[in-house]
Every structure is written in structure tokens, then in C-alpha cells.
Amino acid sequence: MRLDKLHFLLALGTLMAVALPATVWTRASATRLTESLGKVSDVATASAANEGYCSGNLKQILRRVLTSCGLIQGGGSRGCQPLQARQVAAMSGGDFNSLFTPLAERAAIIQFDLDRADLDPAAMELLEKTFADQRGASYFLVVSRASPEGSVEHNRELSRHRADAVLEHIKGKFNDPELEQEVGLLWLGEEFAQLDQEFCQWKHSRTAGACTTAELNRSAFIAWIDCRL
Amino acid sequence: MRRLPTMLWCRVVNPQSFAQERGRAVGAPRAALVAFAIFALLGVVFSAVSTYDFVAHLDRQVHAITCSIVPGLGPRDASGTSGCHAVLMSPYSSVFRSLTWGGIPIALPALGVFAFLFFRGLDLSLRRCVGRNETGFLIVAALLPVATSAVYFWISKVELGTVCTVCAGIYGASLGVLGAAIWAHLGAPRADAGAGSNAGQWLLYFLEGCALVLIPVMLYMVQKPAYPDTLARKNELRHPEDRYGVMLKSKGAGSVPAIEVLDPLCPACKAFSQRLAASDLGRDLVLQTVLFPLDKECNWMVNESLHPGSCAVSEAVLCAGDKSGDILAWAFAHQPELLATGAHGQGEVFSRLKQEFPELATCLGQPLVRTRLNRSLRWVVSNSLPVLTPQLFVRNRKIPDEDTDLGLDFVLARTLENATGARGEVRP
């Protein structure tokens, strides 16, 4: 009889020892869940890149340039001519070029032969490599130029052909459905914002031989812009 | 004539046989019964730890879990990379997942079983004489945790490819109770033919065991938090269309369109894929995959690489074309190795990939695949998704992140039910 009672007490004690913690743990979870319902998630939301160099002034100018160049919805026709670029930028050629200084790591200069708009293999390789390195950037700028040889009108057309050559190659190679909203073209001919000797330090497609400003301006300057506008 | 000791539960056929067996009847079984109780207590401790870790996750938050053979002494796993975490989050850690959020943790009835065995061992240890009818029951009862442990060990090794340390403690305790029960049985005196029927006694014990298992389970069901509808947020994809051609080919023979967003080197994504593959409901889906590596080499949205090397592996998956599923499965299987390699730089991961898949060498690191991977990330941006993996969308509606682990089956069942009920209203 004594052991029967012990048997019963042991059974009851064991049941309590199992049921009590299970109940306490479960209720604690329910309480924590209730407390957590009102909290806002601290997980970041995926977004395009917006680097530190994207100051208010830079964004304002970029917006004007990109709207005029047809990149931003509601903008006019595609591409900017030298006169338009000068007007929308509302700044000197030197200041315009200095806009791109923070992009040194993201930019490249695609070089062409004199009076030609054909991409050579080195130019294609650098263009593809640079375009593929989009990361979180929203806009790809192509700013083409011509060296001073020849007439102003001819150089204007020549630089336009160079910009088009870059765009066509990207279109053919990458088949990007958003290309129209990403790539902005500016052709400057010889009239505005010629590249100076400092840009020899930047990535360019012809590295053999001396770097002259004339060769540097037979080019299309390309860069991804890591700014949200 | 010498007087026999008083016995409550066993009778001896005759004084001669008692004299032959008294040594074992009084000595060896007592030690065996104490050993039985100790192993059962170990089982109680390990299954209680496992139950605690499971129940903690009912709040739908992330918790570190115990992953040590000596609970409380070893470090707790907060990274989600241990075998303990993989097993806890696997579809095998609980039952009835479609009926209740998270299901009933298998460790909870295990806790009841071990508690019952402990109770039996303690009860018998306190008696002066224990017959074979008692020890026979111990053997039968001990076979339950042993058989369950064998099945779960097989599942761990074959299905999950890992064994959790706490589970190993349970397996060991199961073998221990069986061994001790056999020891006690061999040392116990044979029961008298007139000792009465075992059936009634065993039925009583069986009912006690059922009570110890079922009462905690019922209390758990009553106390566990209900699924609040506020968690079923109506987050829908803004741009589900695959404009960039970045989604990996559909898998599954189901009919309900679903999109999973994952990182090939994310342990939680691997566990999630396993859960989805093992779920009966997952078979109703036709699943497409968007890669979202949380590696700063290609992902500008993270400052530090959570899964170093995953950009390179993602490129390999995209390069593989029709065989992308094979590369993804390989990456899941080699996650620890690839993450360790990635910590030394992306270049080493590329080398490893080229060594394993030489046919991808001409594609890896090239502009085309880099652009494609970038578009995969931009698909995530265009839908303003949170920067985390994994994520699952069924009929473009998000399964809450809190429900992609233990609550997957329950929430998926409800989502599929709703999708079927409102088939005409949801976008295909």
C-alpha cells in the first residue's frame, strides 16, 4: 500500500515536471509574439545605389542634363547636342568635366581613330567591362567628343556617330530591356568641355604610346552614375 | 527453515530457485534499474532542451539554439549554420505542421516518453524485488525511443546530411535505457507462473505513459500562440514579370506560380529549400528562383559580405543554363567549404568553381553573366524587397519572412487555400 501511494506520487510528480516547463515556455513565446507585433522591421529595403558624392547640386545638374537628354521620363528627345548640354548644365566646360571627377573609378574613356567612329577590340572590351560593372547605378552616361581637326559641324556629327557606336554595341551585346531608361548620350564635338591632360590618368582603351589631349578627345567618355534622382 | 524476504511484486517458485537467483534478484537489477533511470533522465534533459529551443521559435523570431552535448556549457548557435539548427528547422522536427503553426515538436512527446521511462526506473529502483514481467515492460518501452532514434538518425544522415549534437544525446540516452533494461531483465528473477497476468499491469503502465505524453502535448496546443492575421501581410510584388530574363527555370510539377528569392550560400536558404521540397504543399507550386547574393562583391546593398563568395557562385548558377538546378544543389551541399573559400576572396571561389565545372570557365567573370546577375539584383530593387534571404512569393503574394521556417506548411496551406478560393482575383 505504501509503495502504491509512492507509485502514484511519482507519476504525478513526473507529470508535473514535464507539463509545467512546457506550459511556461509556450506561454512565454506567446507573450513575446504579442509584444513583437507592433514593432517595425529594421531590415533595409533593396534600392538603387546613392553614393556619398551625390550631393544636392550634383543631383540637380544631373537631373537637368538627364531630363534634357531623354533619360528621365517626361524628357524630350533622346540625346543632347552640344548647345543643349551647355544650356542645361549652365556651367563652363571645366566645371562640367569636374562633375565627373568623383566617378574616376566608375568611368572609362573609349578612344577612336582620327575621323572614325568604329570601335576597335580594346575599345569593345573596355566598354563591355565598364557597362557590366553597373552595380547599383541607375544611369549610364556616354559623352562623346572629337579632337579639333576638321570643321565644327563635321566634328559635331562625328562625335554623334561615336556616341551612337557605343550605344549600338551595348544594345547588341547586352540586350538590356531598360537600356532606353539607362543610357544617356551627349555629343559635344569639339565645342564644349574638352578633356584635358588630367584625364590621361583615367582608364582609357589605348594605353600604348603617349597620351595626348587630341587622342583623348577622339573618344566617348562612359560612366555609371550611382545617384538616385 | 529460513524465512523468505517479503516481496510485493515478485514471487519465487521455490526456495531452491530463489537461492540460485537471489544474487541477481537483489543486486544486479537494482544497479541496472538505477542506470535505466539515469539514462532516462539524460533523455529527459536532451529532449527538454530540444523542446525549449523549438517552443522559443513560436514567437516567430530568430533565436540562438543549444548545440552542445553538455547543454548549458557549449556555445549556442546564433548563426544558423550548425547541424542542430538545420535539424530544428527541418520538416522532420515536428508533426501536423499544416494543421497548426510550427506543428507539434517531436521532442515534446519524446520528453514525455523519457519522463515516463525515468518514472518507471525510479519506481522500480525503490522496490525490494522486481520481476521479469516488470523488466520485460521496460525493454518494450525502451524500444520506442530506440526505434524513433534510429529513424531520425537515418533521416538526419540521409535527408539532411547532418546530425545535431542534442539529438545525438537523445540517441545515446535511448540506447542507454535499452541496454539498462536488458541488463535488468537478465538479472531479474523469473516470475512465478502464478504471479498474475502481465497484461493488466502493462496496460496500466501503457496508460500512464500515454498520459505523460498526451497531457503535455494538449497543454502545448492550448497554450501555443494563435496565428495572428496581422502577420499575413498582403505584400505583393510590384513587378513580378521577368523582364530581365533572370529567373531560373521552373521546377515542380504543380500549378500555382511561386517565386523564391535566395542566396546560394545562405544556410537558411538551403534549409528553406529542403523544407519546401519535403513539404507536400510545395509540390503544388511551380517554382522560379531569383538569385539575391548577400555578398558585397556584386551587391551594393550590403556593406559587409554576409555570404562571401555567393556572387561568384551565383554567376556559376546563371552560366549553367538548363543545369542551374544542379549547380545550386552542389552549392547547397558545399556551403561551409565555399563560405570558407569565399572568406579568402572571390578569386578563390572562381578557381574552385572552374575546377569543379570546367565547362563554365569561359563564362565566369565575363561581362554578360555579370550583367545578368546585376539584373537579378535589380529585379529585387524594382520590387522593393527587404535585403534578406530567403523570401517566397506565392501567386505574387509574399509569405511573411517569419513563416518561412517552422510556419511554412501552415501558412502555405492557408495561402494556397486562399489562392484557390480567389483564383479569379489574383494575378497568375
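Remember, it's a predicted structure, so these values are computed and weren't measured experimentally.

The rules behind these values
Residues numbered from 1 in each chain as written. Chains lettered and ligands numbered in written order. Predicted model: local features only at pLDDT ≥ 70, side-chain atom pairs only at ≥ 80, totals over all residues. Heavy atoms only, no water. Buried < 20%, exposed > 50% of the residue type's maximum accessible area, 1.4 Å probe, protein only. Helix = DSSP H or I, 4+ residues; strand = E, 2+ residues; numbered from the N terminus. Pairing = 2+ DSSP bridges. Contact = heavy atoms within 4.5 Å. Buried area = accessible area lost by both parts, 1.4 Å probe. Salt bridge = Lys/Arg side-chain N within 4 Å of Asp/Glu carboxyl O. Polar contact = N/O pair within 3.5 Å; in protein donor to acceptor, adjacent residues only side chain to side chain. Nonpolar A, V, L, I, M, F, W, Y, C, P; charged D, E, K, R; others polar. Disulfide = S-S within 2.5 Å. Axes fitted to C-alpha atoms, helices over the stretch in contact; angles between N-to-C directions. Phe/Tyr/Trp six-rings, centres within 6.5 Å; stacked < 30°, edge-to-face > 60°. Lys NZ or Arg CZ within 6 Å of the ring centre and 35° of its normal.

1. Looking at the pairing of strand β4 (residues 219-225) of chain A
Residue and element names in this part refer to chain A. Counted residue by residue, β4 has seven buried out of seven residues, so it is predominantly covered. The side-chain alternation of β4 yields two buried faces, one formed by S219, F221, A223 and I225 and the other by A220, I222 and W224. Pairing of strand β1 (residues 107-111) with β4 involves five bridges; the strand directions are antiparallel. Note on β4: the bridge partner recorded for I110 is A220. Across six bridges, strand β2 (residues 139-144) lies against β4 in antiparallel orientation. From the neighbouring strand, V143 faces β4, where its bridge partner is F221.

2. Some details on the interface of chain B and chain A
In this complex, chain B contributes 55 residues to the contact, which on the side of chain A involves 44 residues. Counting each side, the surface lost to burial between chain B and chain A is near 4100 Å², with a carbon and sulfur contribution of 68%. Notably, a salt bridge pairs D133 of chain A with R370 of chain B, separated by 3.3 Å at the nearest N-O pair. The tally of links between chain B and chain A comes to 15 residue pairs in polar contact (both at pLDDT 80 or more). Breaking the side of chain B that touches chain A down by element, the ones donating at least two residues are α2 (28-56), α4 (107-125), α7 (198-223) and α13 (367-382) of chain B. Split into classes, the residues belonging to the side of chain B that touches chain A amount to 35 nonpolar, nine polar and 11 charged.

3. Concerning the pattern of salt bridges
This model, assessed by the stated rule, comprises 20 salt bridges over all chains. Note that E149 of chain A and R218 of chain A form a salt bridge whose closest N and O atoms lie 3.0 Å from each other. Taken together, the residues E149 of chain A in the loop between β2 and α6 (152-174) and R218 of chain A in the loop between α8 (213-217) and β4 connect sequence positions 69 residues apart. E149 of chain A sits in the partly exposed class, given a relative accessible area of 36%. Residues R127 of chain B and E134 of chain B are paired through a salt bridge, measuring 3.0 Å at the closest nitrogen-oxygen approach. One continuous salt-bridge network, built from bridges that share partners, spans R106, D133, R135 and D226 of chain A together with R370 of chain B.

4. Considering the state of the cysteines
Two cysteines whose sulfur atoms are joined by a covalent bond form what is called a disulfide. Scanning the model with the defined rule gives five disulfides over all chains in all. The side chain of C54 of chain A participates in a disulfide bridge whose partner is C227 of chain A; the two sulfur atoms lie 2.1 Å from each other. On the sign convention where negative means left-handed, the S-S torsion of about -90° between C54 of chain A and C227 of chain A marks this disulfide as left-handed. Within this pair, whereas C54 of chain A is found in the loop between α1 (2-36) and α2 (56-68), its partner C227 of chain A is found in the segment after β4, the two being separated by 173 residues in sequence. Under the relative-accessibility criterion, C227 of chain A is labelled buried at 0%. Each sulfur of the disulfide joining C319 of chain B and C363 of chain B lies 2.0 Å from the other. The sign of the S-S torsion, about -85°, decides the handedness of the disulfide formed by C319 of chain B and C363 of chain B: left-handed. Placement of C319 of chain B in helix α9 (residues 310-319) and of C363 of chain B in the loop between α12 (346-356) and α13 is noted, with a sequence separation of 44 residues between them.

5. Regarding the environment of A40 of chain B
Residue and element names in this part refer to chain B. Within the secondary structure, A40 sits in helix α2. A C-alpha to C-alpha distance of 6.1 Å links A40 and V177, two positions 137 residues apart in sequence. Residues contacting A40, with those up to four places away along its chain left out, are F114, L117, F118 and V177.

6. Thoughts on the environment of F292 of chain B
All names here are of chain B. Tracing the backbone through its elements, the reader meets F292 in the loop between β7 (285-291) and α9. Relative accessible area serves as the criterion here: at 0%, F292 is assigned to the buried category. In this structure, the C-alpha to C-alpha distance between F292 and A168, residues 124 residues apart in sequence, is 35 Å. Setting aside chain neighbours within four positions, we find F292 in contact with V261, L262, D263, N299, M301, L377, V380, P386, V387, L388 and T389.

7. Focus on the side chain of E134 of chain B
Here E134 of chain B lies in helix α5 (residues 132-160). At a separation of 2.8 Å, a polar atom in the side chain of E134 of chain B contacts the side chain of Y205 of chain B.

8. Some details on the sheet that holds β1 of chain A
Residues and elements named next belong to chain A. Taking strand neighbours across the sheet as the criterion, the four strands line up as β1-β4-β2-β3 in an open arrangement whose pairing is mixed. Every other strand in the sheet has two partners, leaving β1 and β3 (183-187) as the edge strands with one partner each. Across the sheet, the axes of successive neighbouring strands diverge by a mean angle of 20°, strand direction being ignored. Packed onto the sheet, helix α5 (residues 121-132) meets β1, β2, β3 and β4 and runs at close to 155° relative to β1.

9. As for the packing of aromatic side chains
With the rule as written, the count across this model stands at 14 aromatic pairs over all chains. Between the aromatic rings of F131 of chain A and F140 of chain A, the centroid separation amounts to 5.0 Å while the plane-to-plane angle is 85°, which identifies the pairing as edge-to-face. Comparing F131 of chain A with F140 of chain A, the two get one shared label, buried. Taking the centre distance of 4.9 Å and the plane angle of 40° together, the rings of F131 of chain A and F174 of chain A count as tilted. Of this pair, F131 of chain A sits in helix α5 while F174 of chain A sits in helix α6, and the two are 43 residues apart along the sequence. For the residue pair F131 of chain A and F174 of chain A, the accessibility class agrees, reading buried in each case. Site record: aromatic cluster; members linked through ring pairs are F116, F119, F137, W202 and Y205 of chain B. It is R120 of chain B that lies over the ring of F119 of chain B; its NZ or CZ is 5.5 Å from the centre.

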